[in-house]
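Working through the structure, step by step
Residues per chain, in single letters:
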Amino acid sequence: MKIIIAGAGEVGFHLAKLLSFESQDITLIDSKKSCLSNAETQLDIRVIKGDATSISVLKDANINQTDLVIAVTSSETTNITVCVLAKQLGAKRTIARISNTEFISHKDEVGFEKFGIDELISPESLASAEIGLLLNQSAFNGTYEFENGALTMIGLSLSRTADFVGKTVHEAASIFPHLEFIPIAIQRYGTQYTLIPRGDTIFKERDQVYFMTTKAGVDEIHKLTGKVRQDIKNVMILGGSKIGCQTALNLCHNSFNVKLIESNAEKAFEVADEIPNCLVIKGDGRNVELLKEESIQDMDAFISVTGNSETNIISCLVAKSKGVKKAIALVENMDYFQLSHSIGIDTLINKKLLAANNIFRYIRKGEVVAMTKLNNMNAELLEFEVKERTKVCNKLIKNIDFPISSIVGGVFRDGEGFIPLGDFRIAAGDRIVVCCLPQSIGRVEKLFI
């Protein structure tokens, strides 16, 4: 697939890096040579120095032969302009990064497709939504919803008291005869090795395990793992960034008690005006005495979303030391994901990874509806729509030649989520969620083409 990325900032570079690993034909455009130098030396891609809104620059990038244009510069206006021009010049599909979330909430009303923009993404909105989901599933350290929660992926670290530590997958399943969940990926503690569990795979203490479950299965997993469902009501947010403001707005709308700490006085007053139900405090969130004065020990959750990853991590560690149940830190450095569970922070989120997950479904083959990469794991979760022509249609799951390094996690049919076993027959119109390692993605995609 030929892809043009406009903008070599954090999101653009990260996308180019991920896509180049998949042997895609990537062209990266940016007006700053300094932004392109790292990409040119580190990645096997083509770079063009120039203004992505220039028609001559787009033609130089062979825009008329391009399958996908992704505009992710820091300027919302530039991104919209790039997509409009690209579509008129022959690009098949366009995606624009935007910061004004009103565009997303009113996209059907406005009809951006008429202008040449096929999809809008906001990394900040995606991060805020991720935080909300993590607070709703507070006992877990990773979540992703399919079809508005009909199927949910949840991740957790197995404690010594979990009922099925030392048992195989088959033995664990026998505890609940009417299975409402299935393990789809495991990472052994202290390793970077991701495995797709089979029936004889043994659960071990401190494994990071991802499950696919229905709504009913969430309670089963709570019982089996010994995880206590925690009610989150009082939330403290550090940082009045776009993510911080959007998160505070969403939480206040859902009747959470929210305190937000912002060091910049002007920004603090702006947030207070925008979100009257939120208590905004002007101060340095790294100051432990300030956190004590604001009763951090009474908070159920602490969310640090300043522009500094180290500040976010350290402040979350302080919060955990004061007894806060749930700590979530925004980080820019992907390598920090390796540290999250070992240093005691519940969840790290990265808006670049969230944006990449959102965009990746347009690159995958087959009828991919949604996809996500599992945090800190070398695995992907793909949701395919089954068509009459596909190889899996009207077949039992046990008779489909799925690779050994992949597993069917769930099926969505007629508004309801199912955890399918081998005798489940796939029908046209079903949406199938498959977890697979990178080496098996190609084979899985072919089953749904």
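Residues numbered from 1 in each chain as written. Predicted model: local features only at pLDDT ≥ 70, side-chain atom pairs only at ≥ 80, totals over all residues. Heavy atoms only, no water.

1. What to know about the overall build of the protein
Definition in use: Secondary structure elements follow DSSP: runs of H or I no shorter than four residues count as helices, runs of E no shorter than two count as strands, and numbering proceeds from the N terminus. This radius of gyration counts C-alpha atoms alone. The globule rule is 2.2 Å times how many residues there are, raised to the power 0.38. Burial classification: accessible surface area is computed with a 1.4 Å probe over protein chains only, and a residue below 20% of its type maximum counts as buried, one above 50% as exposed, and the rest as partly exposed. The contact criterion used is simple: two residues touch if any of their non-hydrogen atoms lie within 4.5 Å. Reported accessibility uses the Shrake-Rupley method at a 1.4 Å probe radius. Residues are deemed covered only where the shown protein chains occlude them.
Assigned secondary structure in the protein consists of 16 helices and 22 strands. For a compact globule of 449 residues, the expected C-alpha radius of gyration is about 22 Å, and the protein comes in at 23 Å, within 12% of that figure. With respect to the principal axes defined by its C-alpha atoms, the protein has extents near 65 × 60 × 45 Å. Residue burial in the protein is summarised as follows: out of 449 residues, 56% are buried. Considering only residue pairs separated by 6 or more positions, the protein has 61% of its internal contacts joining residues 24 or more positions apart. Working note: accessible area of the protein is about 19600 Å², and carbon and sulfur atoms make up 47% of it.

2. As for the packing of helix H7 (residues 123-136) against helix H15 (residues 351-360)
Condition: In this description, a line fitted to the C-alpha atoms serves as the axis of each element, helices being fitted only across the stretch in contact, and the angle between N-to-C directions of two axes falls anywhere from 0 to 180 degrees. For classification purposes, an angle smaller than 35 degrees is called roughly parallel, one larger than 145 roughly antiparallel, one from 65 to 115 roughly perpendicular, and anything else oblique. Three residue categories are used. Nonpolar comprises Ala, Val, Leu, Ile, Met, Phe, Trp, Tyr, Cys and Pro, charged comprises Asp, Glu, Lys and Arg, and polar comprises the others, including Gly.
At a minimum axis distance of 9 Å, the contact between H7 and H15 shows a crossing angle of 100°. Compared by their axis directions, H7 and H15 come out roughly perpendicular. Residues Pro123, Glu124, Leu126, Ala127 and Glu130 of H7 lie in contact with H15, whose contacting residues are Lys351, Leu354, Ala355 and Asn358. Across the contact of H7 with H15, the residue classes break down as 5 nonpolar, 1 polar and 3 charged.

3. Topic: the sheet that holds strand S16 (residues 326-330)
Counted only if it meets this: At least two DSSP bridges between two strands are required for those strands to pair.
If you trace the 6 strands from one edge of the open sheet to the other, you get S14-S13-S12-S15-S16-S17, paired in parallel fashion. Only two strands of the sheet have a single neighbouring strand rather than two, namely strand S14 (279-282) and strand S17 (347-349). The average undirected angle you get between the axes of adjacent strands in this sheet is 15°. Pairing analysis gives 4 bridges linking strand S13 (residues 257-262) to S14, with the strands arranged parallel.

4. Structural notes on the sheet that holds strand S2 (residues 25-30)
Spatial strand order, S3-S2-S1-S4-S5-S6: 6 strands in an open sheet with parallel pairing. Strands with a single pairing partner mark the edges of an open sheet, and in this sheet they are strand S3 (46-49) and strand S6 (119-121). When strand polarity is set aside, the average angle formed by the axes of neighbouring strands in this sheet is 15°. Where strand S5 (residues 93-97) meets S6, 3 bridges bridge the pair, whose relative direction is parallel. Looking across to S6, one finds that arginine 97 is bridged to isoleucine 121.

5. Section: helix H1 (residues 10-21)
Threshold: What a helix is expected to span follows from its residue count: subtract one and scale by 1.5 Å.
With 12 residues, H1 ought to run about 16 Å at 1.5 Å a step, and its terminal C-alpha atoms sit 17 Å apart, in line with that. For H1, a buried count of 9 out of 12 residues is recorded, marking the element as mostly surrounded by other parts of the structure. For H1, the set of buried residues is Val11, Gly12, Phe13, His14, Leu15, Ala16, Leu18, Leu19 and Ser20. Directly after H1, the chain includes serine 23, whose backbone phi takes a positive value near 60°.

6. Some details on the environment of lysine 391
When you line up the elements, lysine 391 lands in the loop between strand S19 (380-385) and strand S20 (406-413). Lysine 391 sits 10 residues away from aspartate 401 along the chain, and the two C-alpha atoms are 9.7 Å apart.

7. Thoughts on the pattern of salt bridges
Applicable threshold: We count a salt bridge whenever a side-chain nitrogen from Lys or Arg sits within 4 Å of a carboxyl oxygen from Asp or Glu.
Across all of its chains, the model carries 16 salt bridges by this definition. Note that lysine 87 is salt-bridged to aspartate 118, the shortest N-O span being 2.9 Å. Residue lysine 87 is found in helix H4 (residues 76-88), and its partner aspartate 118 is found in the loop between helix H6 (107-110) and S6; the two are separated by 31 residues along the sequence. Take aspartate 118: its relative accessible area is 16%, and that puts it in the buried class. Taking the shortest distance from any N to any O, the salt bridge between aspartate 284 and arginine 286 comes out at 3.1 Å. A residue is classified by how much of its surface remains accessible, and aspartate 284, at 34% relative accessible area, is partly exposed. The exposure class of arginine 286 is exposed, given its relative accessible area of 56%. Put simply, Arg97, Glu124 and Lys351 are held in one network by salt bridges that share partners.

8. Remarks on the packing of H7 against helix H10 (residues 242-253)
As a reminder, the rule being used: Working rule for handedness: look at the near helix, and if it is turned counterclockwise from the far one by less than a right angle, call the crossing left-handed; if clockwise, right-handed.
At a closest axis distance of 9 Å, the pairing of H7 and H10 adopts a crossing angle of 45°. Classed by the angle they form, the pair H7 and H10 counts as oblique. Relative to H10, H7 is oriented so that their crossing is right-handed. On H10, the residues that touch Glu124, Ala127, Ser128, Ile131 and Leu135 of H7 are Lys242, Ile243, Gln246, Thr247, Asn250 and Leu251. Residue classes in the contact of H7 with H10 are distributed as 5 nonpolar, 4 polar and 2 charged.

9. What to know about a negative patch on the surface
Convention followed: Surface patches are drawn from residues lacking salt bridges whose relative accessible area is over 30%; two like charges belong together within 9 Å, two nonpolar side chains (Val, Leu, Ile, Met, Phe, Trp, Tyr) within 5 Å. The charged-residue count follows a simple rule in which Lys and Arg add positive charge and Asp and Glu add negative charge, with His and chain termini not counted at all. The atoms used to mark charge sites are NZ of Lys, CZ of Arg, CG of Asp and CD of Glu.
A cluster of like negative charges, contributed by Glu266, Glu270, Asp273 and Glu274, occupies part of the molecular surface. With respect to the secondary-structure elements, glutamate 270 resides in helix H11 (residues 265-274).

10. A look at the pairing of S5
The criterion, for reference: Seen with its strands pointing away from the viewer, a crossover is right-handed when the path leading from the first strand over the helix to the second is clockwise.
Taken across its 5 residues, S5 has 4 buried, putting it largely inside the fold. Across 4 bridges, strand S4 (residues 68-71) lies against S5 in parallel orientation. Bridge pairing in S5 links valine 69 to threonine 94. Considered for its hand, the β-α-β crossover made up of S4, H4 and S5 is right-handed.

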